[in-house]
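# An overview of the molecular structure
Each chain, letter by letter, is given below.
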Protein chains: 2
Amino acid sequence: MDRMGEFELLARIRERLPASGPRTHLGSGDDAAVSVPGGATATSVDALVDGVHFRRELASPAQIGHKALATALSDLAAMGAEAGEAYVALGLPPDFGEEECLELLDGMVALAIATGTELAGGDLSRADRLFLAITVVGHGPTPDSFVARAGAQPGDALVLTGEIGAAAAGLELLNSQNPEMGALVERQLEPTPRLAAGRALARDGATAMIDVSDGLGADAGHLAEASGVALRIDGEAVPMADGVAEIAAAIGRGALDLAAGGGEDYELLATIPPKRLAQTADAVNEAEGCALTKIGEVIAGSGVEIRLPGGRLLEPGGFDQLA
Amino acid sequence: MDRMGEFELLARIRERLPASGPRTHLGSGDDAAVSVPGGATATSVDALVDGVHFRRELASPAQIGHKALATALSDLAAMGAEAGEAYVALGLPPDFGEEECLELLDGMVALAIATGTELAGGDLSRADRLFLAITVVGHGPTPDSFVARAGAQPGDALVLTGEIGAAAAGLELLNSQNPEMGALVERQLEPTPRLAAGRALARDGATAMIDVSDGLGADAGHLAEASGVALRIDGEAVPMADGVAEIAAAIGRGALDLAAGGGEDYELLATIPPKRLAQTADAVNEAEGCALTKIGEVIAGSGVEIRLPGGRLLEPGGFDQLA
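Residue positions are counted from 1 within each chain, in the order its sequence is given. Key to labels: chains lettered from A, ligands numbered from 1, both in the order written. Local features in this predicted model are restricted to residues whose pLDDT is 70 or higher, and side-chain atom pairs enter the listing and the counts only when it is 80 or higher, whereas totals over whole chains, interfaces and linings include all residues. Hydrogen atoms and water are omitted, and side-chain values are computed over all heavy atoms in the structure.

Our next topic: the overall build of chain A. For chain A, the helix and strand inventory stands at 10 helices and 13 strands. Using C-alpha atoms as the atom set, the radius of gyration is obtained and then compared with a globule rule of 2.2 Å times the number of residues to the power 0.38. The globule rule puts the C-alpha radius of gyration for 323 residues at 20 Å, and the 20 Å found for chain A is close to it. Counting only C-alpha atoms and orienting by the principal axes, one finds that chain A spans roughly 65 × 50 × 30 Å. Each residue is placed in one exposure class: buried if its accessible area under a 1.4 Å probe, protein chains only, is under 20% of its type's maximum, exposed if it is over 50%, and partly exposed if it falls in between. Across the 323 residues of chain A, 58% fall into the buried class. We call two residues contacting when some pair of their heavy atoms lies within 4.5 Å. Partitioning the contacts of chain A with sequence separation of at least 6, the portion at a separation of at least 24 is 82%. Runs of E in the DSSP output that reach at least two residues are strands. Runs of H or I that reach at least four are helices, and both are numbered from the N terminus.

Set out below in C-alpha cells:
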C-alpha cells in the first residue's frame, strides 16, 4: 500500500489495541517493541495465505484474524508457555479494504485479550492475495519449563486433550454445496489454542508435547521421531468430536481416517509418566475445561502404529489408505 | 506447498543453518524456539513482497534474502539493540524452486553470520507471489538502553550516519534500460544495517533515533512527531553518496530531492546533545567505519524544515515538489 495509506491505517489500528501489557515498555509505533521477558522465551512464526490456509469466501475477516493468531498461539500451548506478545505482518490485496482489515484485527484482538496476548507490533504491505505472518513470543521461568517434542520415554502414556475430527469435518461441511454453520464449522474457522491445558501438562510433568495441526498421524510421527521412540495408538480410544462419524460416513470415509488425517484441531498430543495421568487429567480439566484422554503409549522403536478394531495396524502415511 | 515438500525443504534448510547461538536452547524444528534473553528485548517485524519491496527480475534470490533481513535488522540498529534472533516466514510461488529458496536463505545466512544474528525459526507456505515476513529480536541490558523515536530535546544536534541517496539512485539505474551494476545498485539491493553505529549512538547518549527507510524527509517527520519537536535540516550539510548528483541530473531532479524522498538507505538519523557530538562521531567511525554528520538541529515546535541554498525552506511532504 502507499505510505500515507499505511500510516493512516496503522493509526486506526493502534486506536483499537488495548493498552500495553506488563512486559512491554514500548509498543507498536516505534522501530521496535521493547519488552522485558521474565525468564525464558518460546518464539514461533506462522504464515497463512488465502487459498492455502483459509479461503476468504468461506471465512469472515474476523475469523481469519482469529484463526491466524490461534494457530500461532497453539505452538506456544504445545510448549507449555504463557502467551506473551504477537507481531503481525499483513499482506493486503487491493480488494481487501480498510474496514475488512480492521475487522480482521478485531477478531485477532478478541482472541489476544482472551488469551492475555499483547499485539505489540506489526507491518503492512500491499499484496496480490491476503496473507498473515504472525510471530508469537511465550514466556516461562526457565528453558526447562518448556516441553519440547523430544523427551518421550518408553513406558510414558500418550495423551490427547479434547476431541479431534471436528476441524476436518467442518472443512468438509464448508466445502459442500450447502454448508450449515455449526459447531464443526466453528472448530474449523475458530480453533481454540489450548494454552491453559499446555501449561497444566508442562507443570505436571509432560515429557514431550506437540499440537495437532497436521493431523494426529503426522504429528504423532513428528513427536516419535524427535524423541527417538515409537508410539502405539489405540484407535478406539481416540476421542472423536460429535458429528464427525456422520460426516465421515456421508463422504464414504472412516471417522478415524478423517480425524487423524485432517489436522487443524489444535489439540495437544503429549507423553507423560502413567503415574501422573489422573492428576494431570484433573489439572487439564480444571484449567481448560476439556478432557485429557490416554490414547496410547510410548514404546521403544520408531514410527507410529494405530491399532484398529480387529487388530489391524497402520503405519504413518497409511492414513490416506484408511477406509 | 504440500506438507511432504515442506518437511523436506525444511530439513535441507536446517542443514544450512549455523549451530545455535548462546541464547538459544532449542532452535528451528520444534513448536517454538527457546531462548533466554539477557535483559530487555526489542522486536520488530517487516514484510517484503515481490513487486512492492523488490522485483525478482532485478535481484538475485540471495540479494532478496539479504535485503529482507537487512531491513528488519535496520529497525534494531535504530533502537541501538544488539542483533539476536530472526524468525522468517516465506511465501513461495510455484515458479520459485527449491534451489532458489536455498539461495535466498544463503543470502540471509551470510548477513546473519556477519551481524551475529541467529535464524532461530521459520515457516513456509505456498503463495502466488514471493513474500518474506521477518521478525527480529534484539537485546540490551535494560529497556532504557534502547533509543526510541521520542526523546529529542530542543538544542540537540541532528546527526546522520554515512551518506544517503545511493539506494534511490541505484533504483533509478535498475529501472533504466541498461542498468550498470555498481556501488549505487549494490546499495539498493544489498543495504547494510548500521547495527554497530546504532549501538555506539545509544551508548553515547542519542536521545532519539530512527532508520532512514521511508526517506530522510518522511523519517525526520516521524522522529519530530514522536518527540514533539521540530527539526531544522541544513540541506547543504546532508552527505550525499558519490554519483547521486549525476543520476539526479540525468533524470531532471535535484540530488536532495532524489535522496531525501527516495528512502531505503537504511542510515540512522539521531538526535544527540551537541557536547557529545565529536566523541560519538569517533565512536561511530570506529565501530561502523562510516561518518556521523551533523545535518541540523532540534528546535521547539513541530514539523521538519529543510533549508536549501538561497534560504528556501521546505516542509515535509514538499519533497515531491522539490526540483
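Okay, back to it.
All names here are of chain B. The end-to-end C-alpha separation of helix α3 (residues 98–115) is 26 Å, in line with the 26 Å expected for 18 residues at 1.5 Å each. Every buried residue of α3 is listed here: C101, L102, L104, L105, G107, M108, V109, L111 and A112. Trailing α3 by a residue or two, G116 shows a phi angle of about 70°, which is positive. In this scheme, a helix's expected span is set at 1.5 Å multiplied by one less than its residue total.

The subject of this paragraph is the relation of the copies chain A and chain B. Rotating chain A by 180° about the axis while translating it 0.0 Å along that axis superimposes it on chain B, leaving an RMSD of 0.0 Å. Those values place the two copies in the arrangement expected of a two-fold rotation axis. A shared interface surface links the copies, since 100% of the contact residues of chain A are contact residues in chain B too. Our superposition of the copies is a least-squares fit, built on the C-alpha atoms of residues whose pLDDT is at least 70 in both.

Take the side chain of H139(B) next. Residue and element names in this part refer to chain B. Take H139: it is sitting in strand β6 (residues 131–140). The exposure class of H139 is buried, given its relative accessible area of 5%. The definition of a polar contact used here is a pair of N or O atoms within 3.5 Å, where within protein one atom must be able to donate a hydrogen and the other to accept one, and adjacent residues in sequence count solely through side-chain atom pairs. Reaching out from H139, the side chain makes a polar contact with the side chain of E85 at a distance of 3.0 Å.

Right, let's talk about the interface of chain A and chain B for a bit. Reports often express the size of an interface as the amount of accessible area lost when the parts come together. With 53 residues of chain A at the interface, the matching set in chain B holds 53 residues. Basic side-chain nitrogens of Lys or Arg form a salt bridge, by our definition, when they fall within 4 Å of a carboxyl oxygen of Asp or Glu. Linking chain A with chain B are six salt bridges, by the criterion used here. The tally of links from chain A across to chain B stands at 15 residue pairs in polar contact (both at pLDDT 80 or more). Among the elements that make up the side of chain A that touches chain B, the one with the highest residue count is strand β3 (residues 40–49) of chain A (nine residues). Taken together, the residues of the side of chain A that touches chain B break down into 28 nonpolar, 13 polar and 12 charged. Only strands joined by at least two bridges in the DSSP assignment are considered to pair. Bridging between strand β2 (residues 33–35) of chain A and strand β3 (residues 40–49) of chain B involves three bridges; their strand directions are antiparallel. When the sheet's bridge partners are listed, V34(A) is paired in β3(B) with A42(B). Polarity classes work like this: nonpolar for Ala, Val, Leu, Ile, Met, Phe, Trp, Tyr, Cys and Pro, charged for Asp, Glu, Lys and Arg, and polar for all others, with Gly in that last group.

For the rest of this paragraph, the subject is unusual backbone geometry. Of note, Y266(A) is a non-glycine position whose phi angle comes to about 55°, a positive value. Within the fold, Y266(A) resides in the loop between α9 (255–262) and β10 (268–272). In this structure Y266(A) comes out as buried when scored by relative accessible area, which is 7%. One non-glycine residue, E264(B), lies in positive phi territory at about 65°. Secondary-structure assignment places E264(B) in the loop between α9 (255–262) and β10 (268–272). Its relative accessible area of 17% is what places E264(B) among the buried residues.

Glancing now at helix α6 (residues 195–203) of chain A. Residues and elements named next belong to chain A. Most of α6 is tucked away: seven of the nine residues are buried. All buried positions along α6 are accounted for by L195, A196, A197, G198, A200, L201 and A202. One or two positions beyond α6, positive phi appears at G205, with a value near 100°.

Quick look at the pairing of strand β5 (residues 118–126) of chain B now. All names here are of chain B. Burial of β5 is extensive: seven of the nine residues sit out of reach of the surface. Here strand β4 (residues 82–92) pairs with β5 via eight bridges, running parallel. The partner of L90 across the bridge, within β5, is L124. Tracing the backbone out of β4, into α3 and back to the parallel element β5 gives a crossover that is right-handed. Seen with the strands pointing away from the viewer, any crossover whose path from the first strand over the helix to the second strand runs clockwise is right-handed.

Attention shifts here to the packing of aromatic side chains. Whether two aromatic rings pair depends on their centres lying within 6.5 Å, for rings of Phe, Tyr and Trp, where Trp uses its six-membered ring; planes under 30 degrees apart make the pair stacked, over 60 edge-to-face, and the rest tilted. For the coordinates displayed, the defined rule picks out one aromatic pair over all chains. Relative to F131(B), the ring of F131(A) has its centre 3.6 Å away and its plane inclined at 0°; by these criteria the two rings are stacked. In this pair, F131(A) is assigned in strand β6 (residues 131–140) and F131(B) in strand β6, connecting two distinct chains. The two residues F131(A) and F131(B) agree in class, both being buried.

Below, the discussion takes up the confidence of the model for chain A. Residues and elements named next belong to chain A. Here chain A shows a mean pLDDT of 89. Residues at 70 or above account for 90%. Predicted confidence is poor over residues 316–323, with pLDDT under 50, and the contacts of this stretch with residues over four places away or in other chains come to 11 contacts. Two numbers describe this predicted complex: its pTM, 0.90, and its ipTM, 0.87. Values of pLDDT, ranging from 0 to 100, describe the predictor's confidence in every residue of the model.

Glancing now at the packing of α6(A) against helix α10 (residues 277–288) of chain A. Residues and elements named next belong to chain A. Here an axis means a line fitted to C-alpha atoms, over the contact stretch when the element is a helix, while the angle between two N-to-C directions is reported on a 0 to 180 degree scale. Between α6 and α10, the least distance of the axes is 8 Å, while the angle of their chain directions is 150°. Comparing the axis directions of α6 and α10 gives the class roughly antiparallel. Seen along the crossing, α6 lies across α10 with a hand that is right-handed. Side by side, α6 and α10 meet where L195, A196, A197, A200 and L201 of the first sit next to T280, A283, V284, A287 and E288 of the second. Any angle between 65 and 115 degrees counts as roughly perpendicular, while under 35 counts as roughly parallel, over 145 as roughly antiparallel, and the rest as oblique. Helix crossings get a hand from a simple test, with the near helix turned counterclockwise from the far one by less than a right angle marking a left-handed crossing and a clockwise turn marking a right-handed one.

Our next topic: the pattern of salt bridges. Tallied over the entire structure, the rule returns 31 salt bridges over all chains. In this structure, E297(A) engages R232(A) in a salt bridge whose closest nitrogen and oxygen atoms are separated by 3.4 Å. A residue pair is termed long-range when its members are at least 10 positions apart, and E297(A) in strand β11 (residues 292–299) and R232(A) in strand β9 (residues 230–234) qualify at 65 residues. Of the residues examined, E297(A) reaches a relative accessible area of 31% and is grouped as partly exposed. The partner of E305(B) in a salt bridge is R307(B), and the shortest N-O contact between them spans 3.8 Å.

Further remarks concern the pairing of β9(A). Residue and element names in this part refer to chain A. Taken together, the four bridges between β9 and β11 define a ladder with antiparallel strand orientation. Each residue of the ladder has a partner; that of L231, found in β11, is V298. In the sheet, β9 pairs with strand β12 (residues 303–307) via five bridges, with the strands oriented parallel. Opposite L231, over in β12, you have V304 as the bridge partner.

The next thing to look at is the environment of G235(B). Residues and elements named next belong to chain B. When you line up the elements, G235 lands in the loop between β9 (230–234) and α8 (244–250). Each C-alpha atom, one on G235 and one on D265, is 17 Å from the other, the two residues being 30 residues apart in sequence. Setting aside residues no more than four positions away along its own chain, G235 makes contact with L256, I306 and R307.

Here we take up the environment of A245(A). All names here are of chain A. Summarising the element assignment, A245 is placed in helix α8 (residues 244–250). Look at A245 and you get partly exposed, because its relative accessible area is 43%. Linking A245 and A169, residues 76 residues apart in sequence, is a C-alpha distance of 8.8 Å.

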